[in-house]
Amino acid sequence: MQLLKVANRIVVPSRWELAKLKKLYPFCAKKTIIIKHGVNALTSKTRAPRSRLLFVGRLVPSKGIEPLLQAIALLKHKNKKVKLHVIGKGNKIYFRRLKLLVKRLNIQSDVRWHGFRKQRQVQKRYASYGAVVMPSILEESFGLVALEALASGVPLIATRSGGLSEIVNSSVAQVIPKAKSRAIASAIEKMWSNPSVTRKRVIAGRKLASRYRWPRIADQYKKLVK
């Protein structure tokens with residue numbers, strides 16, 4: 001709190017984060033501005049099968065990884081080829097809990113754990129997957145993974161939790177209405193069954209992501225420190 005008090009300016013990445021900060025610390029209201037995160041121009045569109053799914057993020061309950069695993073178990077009954085690849089790490093106790101869930105759901109062969117990867121490594125991998133799933137439950141301050149997926153030309157399936165609501169909509173992504181297993185599974189199935197709509201969303205998503213290129217974001221920081 002002391003840093004917030006002495007700071008001349010505070011930067012947050014979304015309107016949602018600004019509202020949260022103002023609620024917790026009203027004195028920050030007049031000196032806080034929004035500068036969104038940036039993204040580089042990433043690889044061309046994916047050629048991977050749509051059944052090859054990717055989750056990227058910290059392995060914590062708020063990311064919706066448990067209902068996502070349950071959704072994979074539901075989808076497996078209809079599409080034997082579905083695979084979920086998970087990039088990210090969490091504490092040992094929670095990771096053990098996830099592994100036990102995978103075993104109980106009998107989807108050990110359908111889930112691949114890749115552990116932590118540096119951002120540049122992750123960016124290179126997006127085009128190797130048929131879709132990125134982001135089933136966040138609470139408090140996404142912005143949703144950089146979602147933006148990177150759009151910039152990579154990879155279909156995005158995501159909730160509109162927190163700051164995600166500022167970049168995720170039905171024009172660029174298959175929206176998950178609620179971070180529950182059946183809703184997640186249904187959203188993935190809709191992405192599979194509507195290829196023409198998915199292609200249109202990919203095009204619109206790349207266009208949206210181009211508005212967040214780093215040179216434009218950097219200019220905002222330059223103006224801030226002048």
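Sequence positions are assigned chain by chain, starting from 1 and proceeding in written order. Given that this is a predicted model, residues contribute local features only at a pLDDT of at least 70 and side-chain atom pairs are listed and counted only at 80 or more, while totals for whole chains, interfaces and linings are drawn from all residues. Computation of side-chain values: all heavy atoms of the structure, hydrogens and water removed.

Focus on helix H7 (residues 181-193)
And then number 1: For H7, spanning 13 residues, the distance from its first C-alpha to its last is 18 Å, which sits close to the expected 18 Å at 1.5 Å a residue.
And then number 2: Throughout this description, buried means an accessible area under 20% of the type-specific maximum (1.4 Å probe, protein chains only), exposed means over 50%, and partly exposed covers the range between. Segments assigned H or I by DSSP are reported as helices when at least four residues long, segments assigned E as strands when at least two residues long, and all are numbered from the N terminus. For H7, the set of buried residues is Ser181, Ala183, Ile184, Ala185, Ala187, Ile188 and Met191.
And then number 3: Pairs of residues are marked as contacts when any of their non-hydrogen atoms sit within 4.5 Å. Along its buried surface, H7 packs onto strand E3 (52-56), helix H3 (65-76), strand E6 (131-134), strand E7 (156-158), strand E8 (174-175) and helix H8 (195-209). Multiplying 1.5 Å by the helix residue count minus one yields the expected span of that helix.

Section: the side chain of glutamate 66
And then number 1: Note that glutamate 66 resides in helix H3.
And then number 2: Each residue touching glutamate 66, except ones within four places of it in the same chain, is listed here: Tyr94, Arg97, Leu98 and Leu101.

Some points on the environment of glutamine 70
And then number 1: Along the chain, glutamine 70 falls in helix H3.
And then number 2: For glutamine 70 and glutamine 2, which are 68 residues apart along the polypeptide, the C-alpha to C-alpha distance reads 43 Å.
And then number 3: Apart from the residues lying within four places of it in its own chain, the contact partners of glutamine 70 are Leu101, Leu105 and Ser181.

Describing the side chain of glutamate 148
And then number 1: Within the fold, glutamate 148 resides in helix H6 (residues 144-151).
And then number 2: Despite its burial, glutamate 148 remains without a salt bridge, the nearest opposite charge being carried by arginine 120 at 10.0 Å.
And then number 3: At 2.7 Å, the side chain of glutamate 148 forms a polar contact with the side chain of glutamine 119. Positive charges come from Lys and Arg alone, negative charges from Asp and Glu alone, with His and the N- and C-terminal ends not counted. Each reported salt bridge corresponds to a side-chain nitrogen of Lys or Arg within 4 Å of a carboxyl oxygen of Asp or Glu. Definition of a polar contact: a pair of N or O atoms within 3.5 Å, with one able to donate and the other able to accept a hydrogen when the atoms are protein atoms, and with sequence-neighbouring residues admitted only if both atoms are side-chain atoms.

So, the pairing of E3
Put simply, side chains in a regular strand alternate between the two faces of the sheet.
And then number 1: By the criterion of burial, E3 is predominantly enclosed, with four of the five residues buried.
And then number 2: Pairing between E3 and strand E4 (residues 83-87): five bridges, direction parallel. What sits directly across from leucine 53, in E4, is leucine 84.
And then number 3: The crossover handedness rule: strands pointing away from the viewer, path from first strand over the helix to second strand clockwise, crossover right-handed. Where the polypeptide runs from E3 across H3 and back to E4, its parallel neighbour, the crossover connection is right-handed.
And then number 4: Strand pairing is defined by DSSP finding a minimum of two bridges between the two strands. Bridging between E3 and E6 involves two bridges; their strand directions are parallel. Its bridge partner lying in E6, leucine 54 is registered against valine 132.

A word on the packing of aromatic side chains
And then number 1: The rule is short: rings of Phe, Tyr and Trp, with Trp giving its six-membered ring, pair when the centres are within 6.5 Å, and they are stacked under 30 degrees, edge-to-face over 60, tilted in between. What the rule picks out here adds up to three aromatic pairs.
And then number 2: Only Lys NZ and Arg CZ are tested; either one counts as a charge over a ring when it is within 6 Å of the ring centre and within 35 degrees of the ring normal. Note that lysine 89 overlies the ring of phenylalanine 116, its terminal NZ or CZ placed 5.7 Å from the centroid.

Quick word on the sheet that holds E7
And then number 1: Read from one edge of the open sheet, six strands run E5-E4-E3-E6-E7-E8, paired in parallel fashion. For this open sheet the edge positions go to strand E5 (111-115) and E8, each flanked by a neighbour on one side alone.
And then number 2: Sheet topology places E6 next to E7; three bridges connect them, and they run parallel. Of the residues in E7, the one forming a bridge with methionine 134 is alanine 158.

Details of a nonpolar patch on the surface
And then number 1: Here a patch means residues that are over 30% exposed by relative accessible area and free of salt bridges, tied together within 9 Å if like-charged and within 5 Å if nonpolar (Val, Leu, Ile, Met, Phe, Trp, Tyr). Values of accessible area rely on a 1.4 Å probe in the Shrake-Rupley scheme; residue burial ignores everything except the protein chains shown. On the surface, a nonpolar cluster with roughly 250 Å² of combined accessible area is contributed by Val11, Trp214 and Tyr221.
And then number 2: Mapped onto the elements, tyrosine 221 comes out in helix H9 (residues 214-225).

Section: the pairing of E6
And then number 1: Covered by surrounding structure in E6 are Ala131 and Val133 together with Val132 and Met134, the residues of both alternating faces.
And then number 2: Where the polypeptide runs from E6 across H6 and back to E7, its parallel neighbour, the crossover connection is right-handed.

Observations regarding the packing of H6 against H8
And then number 1: Where H6 contacts H8, the axes come no closer than 7 Å and their chain directions differ by 115°. Crossing angle aside, the handedness with which H6 passes H8 is left-handed. Residues Leu147, Leu150 and Ala151 of H6 form the contact with H8, whose own contacting residues are Gly205, Arg206, Leu208 and Ala209.
And then number 2: The residue makeup of the contact of H6 with H8, split by class, is five nonpolar, one polar and one charged. Angular values range over 0 to 180 degrees, each being the angle between N-to-C directions of two axes fitted as lines to C-alpha atoms, with helices fitted over their stretch in contact. Note on convention: the crossing is left-handed when the near helix lies turned anticlockwise from the far helix by less than a right angle, right-handed when the turn is clockwise. Side-chain classes follow a simple rule in which Ala, Val, Leu, Ile, Met, Phe, Trp, Tyr, Cys and Pro form the nonpolar group, Asp, Glu, Lys and Arg form the charged group, and the remainder, Gly included, forms the polar group.

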